[in-house]
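One-letter residues, chain by chain:
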Amino acid sequence: MKKTLFFVSILISISLTAQNLPHYKLTIAPANLDSMNAHPKDEIYYPAVFHVNSLIYNVQARFKGSTSLNYPKKSWAIKFENADNYFGVTRINLHADFKDYSNMRNFLILRLFDFLGSPASQIQHVTCEVNGEPYGIYTQTEQIDIDYLARNGRLPVALYKANNHGAMMAPTVRDEYYNSIWQIEAGGDPSFDELRIFFNKCLYWSKPDFDTHISDLIDVDNFLNFFAVHFVFDDMDNFTKNIYLNKNSNNQKFELLPWDNEGSFGNSAIGVFDSTIVQYNLRDAHTPEYQVVFQRLLENQNYRTIFHNKIERILTDGYSMLDTLIDNTYQKIKQDVYADSRREASNEDFDNSIPRLKWFMSERKLFLQNNALPEKNVLTNFYCSNPMPTAGNSEMTFQIKSPVVQDVNMFFADSVDLNVFGVPFKFSRMQLYDDGLHNDSLANDLIYGNSINVSSFVSPLIPFAITGAEQNYPPNGIFYVDYYGSKSYAINKGNTDADLAGRLKIGKVFNYKNQNAVEIINTSSTLSVDLSYCHLRSDSVVNDFMFRDHVVIAPNETIFVVPSVTIGNQFFPGYRSFADLYYPLAVGDSLHLLSPVLTPVVSSKINSVETLGFSAPVLVINEINFKSSNSKPTGDWVEIYNPGTSAVDMSGWIFRDGDNKHTFLFPTGYSLPVDGYVVVAEDTLAFHAAAPEVSNVVGSTGFGLSSTGEFVRLFDNLGQLVDSVNYQVVAPWPTGASGTGATLELKDFALDNTDGNSWYVDPLKTGSPGAKNFVTPVEAGLNNIHSGTIYPNPAHRNFFVETTSINTRVELYTIQGELILSQMIYFPGTDQIDIRPFPKGIYLIHLSTNKKMKIRKLIVQ
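Residues numbered from 1 in each chain as written. Predicted model: local features only at pLDDT ≥ 70, side-chain atom pairs only at ≥ 80, totals over all residues. Heavy atoms only, no water.

A. Spatial organisation of the overall build of the chain. Looking only at helices and strands, the chain features 14 helices and 49 strands. Taking 29 Å as the expected radius of gyration for a compact globule of 861 residues, we find that the chain reaches 30 Å, a close match to that expectation. Of the contacts formed within the chain by residues at least 6 apart in sequence, a portion of 65% connects residues at least 24 apart. Summed over all atoms, the accessible surface of the chain reaches about 34800 Å², with 51% contributed by carbon and sulfur. Separation between the mean location of the 67 positive side-chain charges and that of the 91 negative ones in the chain comes to 3 Å. (Helix = DSSP H or I, 4+ residues; strand = E, 2+ residues; numbered from the N terminus. Rg over C-alpha atoms; globule rule 2.2 N^0.38 Å. Contact = heavy atoms within 4.5 Å. Areas by Shrake-Rupley, 256 points an atom, 1.4 Å probe, with all protein chains shown as cover. Lys, Arg positive; Asp, Glu negative; His and termini not counted. Charge placed at Lys NZ, Arg CZ, Asp CG, Glu CD.)

See the structure below:
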């Protein structure tokens, strides 16, 4: 069916009073709707039927949102089977805007971003009915996903959504927080190492390094435009939350994509209009103070000027556009708003909200034009006399340098229980002085200082930050210390004596498939060591690992800092392991154990790296069923084959489709025998009912596969990618496996299964789940067009090519098709190919002579 643009005008005759807006109908089983209302936060999709114009689609529907799920009128997510529909997308969102009495704040902000030339979701007002009952007016907002990226000329390289206020673009205290704060929407790094490195640079780069290199990492103009809009309209819920962070495939730089802007135009985060917000400046707002990239950009005078110019353009051109848009939108949606009985606002509330929007714009413009941005008086030269105090030495002196005279304070959390998540606690304050009387050096030398005795502090670990009039040191402060907190400075008073250097030893360094582990030893036979909030760094500030709270090493104990706990358990059983050590180490590097304020404790030069030997087995994705026929409704499934010489223990292995949230964990004790097959089924009950003869089945995964193509991926219990296929339904991939009963089958397990030419549609149209594929003699012969053997696979530092031909060319390609190595083998025999320069991942090898070619997939670990 021909796709229609997402936001064309829709003219529909309906029986309701609303006439001006597009109207949708949703039909869902009453029992399912009751279940949704009873458990709105479950995020479970239910089957439904969606009507638009005269078109009817089978869809999946659920409620969406977070705080808004507590409101009587909820927002909806509608998911289509594919993008071949009226809208040309796989998902639409219907936002209730329950706490926005104007029903247009999000609409206005997104239209403003579009006006200013920044990527933004398309948006329009619509009405909807559910099971024949009017549900009122909504804003249909384009989902930020692969379809969105494609419309904006981008490929899905790495798209992350910020789920909560931990998204201040600073590295987190606990590594498991990454998965809670940041949700991978497309592409992206499942280990979150990409974000660790990025955030470490944002937080720890020196000012010269930040000013020089930040434009290589981010689209600075996009970032400043994003923050300027939210600053002008006081949308303080969008500096550390409601952010999409996308790596633009065109320039490989991060950009910000706006989302959920209801808390703008004077609306607070809970939807209450607050007239005092109109006078917020940077020093008064809450979350902008802790947004690391924003604060550091404004420390650069050039970027600060650009930010100011963007504010001026919003107050002139942007305001003019919005003024007209508000009037036109009011007239367009008025009758539909009046007819909406599910909204919180009365008709009078709605009518009054329009002049309130304009009042906010007028007063905000007046305030910003009469109040300059606060200067960025950056604090530097931090000093702490005793970063790890003890009972016998509990006095601490703090100093910091300011470029101007200003109030300087130290804020600290001296009673927070970091074992408990999100429990209220209080911050204490100590003023720092420049009077020559508070251990601050000389009076009026702009070095501020003061001393404090911490012996009475309740907690052994006290996070803190130094605050000037307009900035924090470090720039992320101590925002949300006990709730998705980021790395901060701290006082660690958990040790008996101060001789940590005499007790601690950085031991051996290990390597496992380009990942490293480090041994830390407490050499004392009587005293423990508290390493809470201490850091393990290499020579680069970017390579920074921080121990979380309550990390105490017992006397004579050895611990390991590892890439993952799984690797720790695999290679260092019986020892405690702490993850995630993400950065590479090599002979000649130095390792530094630092205090919680980054002062040296003990250092060690790496003289050797011990290689850990463990070969991951190679399993092959061998058959894919992504759309069952009505005659054999097995549900979606993928078959995995073991071509090796030994059984594979798949305990803890992971199967995923293209969505990282869709994860199936193989059960403990599951083993795949030699020459064995296993089917990973979406729904084992449906599968067994349709194919009772197949017993080697695991599941249920609870998620299906796209009928338009997507990734299917298999990871081992160490989190390493073992095999991956991005199947498609267009050439060179075979067609005919969509609902006919036929499946995609691999012609030979040794072929490159990322190449569509390696697959066929089974001619019997029954599939061969759990058994050998159906292959014709002609097809089987395709694997023997060139005599060449490649081993080992997976490979680590090199691989070997054994050939009986002369003049064989070996070419190595990335999975994206980029040629990265080309080498000739002139005589028959075995040659070694060095792959040390290339990162781990999946590659394609082309072996070719004058007339023949063979393609193989190579996994580099």
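B. A look at the environment of Asp755. Mapped onto the elements, Asp755 comes out in the loop between β41 (744-746) and β42 (759-761). In this structure the C-alpha to C-alpha distance between Asp755 and Val725, which are 30 residues apart in sequence, comes to 8.6 Å. Apart from residues no more than four positions distant in its own chain, Asp755 is found in contact with Trp733 and Ile855. Here the side chain of Asp755 touches Asn757 through a polar contact of 3.0 Å, landing on its backbone nitrogen. (Polar contact = N/O pair within 3.5 Å; in protein donor to acceptor, adjacent residues only side chain to side chain.)

C. Structural context of the sheet that holds strand β20 (residues 504-512). Ordered in space as β27-β26-β21-β20-β30, the five strands form an open sheet in which the pairing is mixed. Edge strands, defined here as strands with exactly one partner in the open sheet, are β27 (576-579) and β30 (610-611). (Pairing = 2+ DSSP bridges.)

D. Just the pairing of strand β16 (residues 447-453), in detail. Judged by how many residues are buried, β16 sits mostly within the fold: five of seven residues are covered. As defined by bridge partners, strand β13 (residues 395-401) adjoins β16 across seven bridges and the pair is classed as antiparallel. The residue of β16 that forms the bridge with Met396 is Ile452. (Buried < 20%, exposed > 50% of the residue type's maximum accessible area, 1.4 Å probe, protein only.)

E. The sheet that holds β13, seen in detail. Strand order in this open sheet of three strands is β12-β13-β16, and the pairing throughout is antiparallel. Of all strands in the sheet, those bounded by a partner on one side alone are β12 (380-384) and β16. Taken pair by pair, the neighbouring strands of this sheet meet at an average axis angle of 10°, ignoring direction. (Axes fitted to C-alpha atoms, helices over the stretch in contact; angles between N-to-C directions.)

F. The side chain of His535, seen in detail. Within the secondary structure, His535 sits in strand β23 (residues 535-537). His535 gets classed as buried once you look at its relative accessible area, which sits at 2%. Within the structure, His535 has its side chain in polar contact with the side chain of Asp544 (distance 2.9 Å). Residue contacts for His535: discarding those within four places in its chain leaves Tyr204, Lys487, Asp544, Phe545, Met546, His592, Leu593, Leu594, Ser595, Pro596 and Leu598.

G. How the structure looks around the confidence of the model for the chain. When pLDDT is averaged along the chain, the result is 89, and 95% of the positions lie at 70 or above. Predicted confidence is poor over residues 1-18, with pLDDT under 50, and the contacts of this stretch with residues over four places away or in other chains come to 45 contacts. Throughout residues 776-786 the model reports pLDDT below 50, and contacts reaching past four residues in sequence, or to other chains, amount to 18 contacts. (pLDDT = per-residue confidence, 0-100.)

H. How the structure looks around the nonpolar core. Among the nonpolar cores identified, the biggest contains 86 residues, and Trp182, Ile218, Phe223, Phe233, Leu245, Leu297 and Phe307 are the most heavily contacted of them. Considering each element in turn, this core owes the most residues, 13 residues, to helix α9 (residues 301-338). The residues contacting Leu297, other than those within four sequence positions of it, are Phe210, Ile214, Ile218, Val220, Phe223, Leu224, Tyr303 and Arg304. Within the second largest apolar cluster, 32 residues are counted, among which are Trp653, Phe664, Phe666 and Leu672. (Core = buried A, V, L, I, M, F, W, Y, C linked by side-chain atoms within 4.5 Å.)

I. Fine view of the pattern of salt bridges. Throughout the structure, instances matching the rule amount to 27 salt bridges. A salt bridge links Arg154 to Glu255, with the nearest nitrogen and oxygen atoms 2.7 Å apart. With Arg154 in the loop between α3 (146-151) and β8 (158-162) and Glu255 in strand β11 (residues 253-258), this residue pair connects regions lying 101 residues apart in the sequence. Note on accessibility: Arg154 and Glu255 belong to one class, buried. (Salt bridge = Lys/Arg side-chain N within 4 Å of Asp/Glu carboxyl O.)

J. Structural view of the pairing of strand β14 (residues 408-412). With respect to burial, β14 is a largely interior element, four of its five residues being buried. As defined by bridge partners, β14 adjoins strand β15 (residues 428-432) across five bridges and the pair is classed as antiparallel. Bridge pairing in β15 places Asn409 opposite Gln431. Bridge analysis of β14 against strand β17 (residues 461-467) gives four bridges, and the strand direction is antiparallel. Opposite Met410, over in β17, you have Ile466 as the bridge partner.

K. Focus on the packing of helix α2 (residues 105-115) against helix α7 (residues 220-232). At a minimum axis separation of 11 Å, α2 and α7 run at an interaxial angle of 145°. Seen along the crossing, α2 lies across α7 with a hand that is right-handed. Mapping the contact onto sequence places Ile109, Leu112 and Phe113 in α2 and Asn225, Phe226, Val229 and His230 in α7. When its residues are assigned to classes, the contact of α2 with α7 shows five nonpolar, two polar and no charged. (Left-handed = near helix turned anticlockwise from the far one by under 90°. Nonpolar A, V, L, I, M, F, W, Y, C, P; charged D, E, K, R; others polar.)

L. Here's a closer look at the packing of aromatic side chains. Throughout the structure, instances matching the rule amount to 64 aromatic pairs. Relative to Phe479, the ring of Tyr290 has its centre 4.5 Å away and its plane inclined at 10°; by these criteria the two rings are stacked. Here Tyr290 is found in the loop between β11 and α8 (292-298), whereas its partner Phe479 is found in the loop between β18 (472-473) and β19 (489-492), with 189 residues between them in sequence. On the basis of relative accessibility, which here comes to 15%, the residue Tyr290 falls in the buried class. Its relative accessible area of 6% is what places Phe479 among the buried residues. Put simply, the rings of Phe113, Phe223, Phe226, Phe227, Phe231, Phe239, Phe294 and Phe307 pair up and form one aromatic cluster. The positively charged end of Arg342 is found above the aromatic ring belonging to Tyr135, 3.7 Å away from the centroid. Arg364 extends its terminal NZ or CZ atom over the ring of Phe231, reaching a point 5.0 Å from the ring centre. (Phe/Tyr/Trp six-rings, centres within 6.5 Å; stacked < 30°, edge-to-face > 60°. Lys NZ or Arg CZ within 6 Å of the ring centre and 35° of its normal.)

M. Structural context of the packing of α7 against α9. At their nearest, the axes of α7 and α9 sit 9 Å apart, and the two run at 55° to each other. Here α7 lies oblique to α9, going by the angle between them. Both α7 and α9 take part in a crossing whose hand is right-handed. Contacts between α7 and α9 pair Val220, Asp221, Leu224, Asn225, Phe227, Ala228, Val229, Phe231 and Val232 from the former with Tyr303, Ile306, Phe307, Lys310, Ile311, Ile314, Leu315 and Tyr319 from the latter. The residue inventory of the contact of α7 with α9, partitioned by class, reads 14 nonpolar, one polar and two charged. (Parallel < 35°, antiparallel > 145°, perpendicular 65-115°, else oblique.)

N. Looking closely at helix α5 (residues 193-204). Taking 1.5 Å as the rise per residue, α5 with 12 residues should run 16 Å; its terminal C-alpha atoms sit 16 Å apart, in good agreement. Counting buried positions along α5 yields 10 of 12 residues, so the element is predominantly enclosed. By the burial criterion, the buried members of α5 are Glu194, Leu195, Arg196, Phe198, Phe199, Asn200, Lys201, Cys202, Leu203 and Tyr204. (Expected span 1.5 Å × (residues − 1).)

O. A look at unusual backbone geometry. The amide bond that connects Tyr473 to the next residue, Pro474, takes the cis arrangement and shows omega of -5°. Mapping Pro474 onto the fold places it in the loop between β18 and β19. In this chain, Ala731 is followed by Pro732 through a cis amide linkage whose omega measures 10°. Position of Pro732 relative to the elements: it lies in the loop between β40 (721-727) and β41. In the Ramachandran plot, Asp260 falls in the positive-phi region, its phi being about 55° despite a non-glycine side chain. Following the sequence through the fold, Asp260 ends up in the loop between β11 and α8. On the accessibility criterion, Asp260 (28% relative accessible area) is partly exposed. Positive phi is not limited to glycine here, since Asn381 has a value of about 55°. Tracing the sequence through the fold places Asn381 in strand β12.

P. Up close: helix α6 (residues 207-217). Taken together, the buried positions of α6 are occupied by Phe210, Ile214 and Leu217. Looking straight down α6, one finds its buried side chains confined to an arc of 60°; they lie on one side. Facing away from the buried side of α6 by more than 90 degrees, the exposed set consists of Pro208 and Thr212. (Arc of directions from axis to C-beta.)

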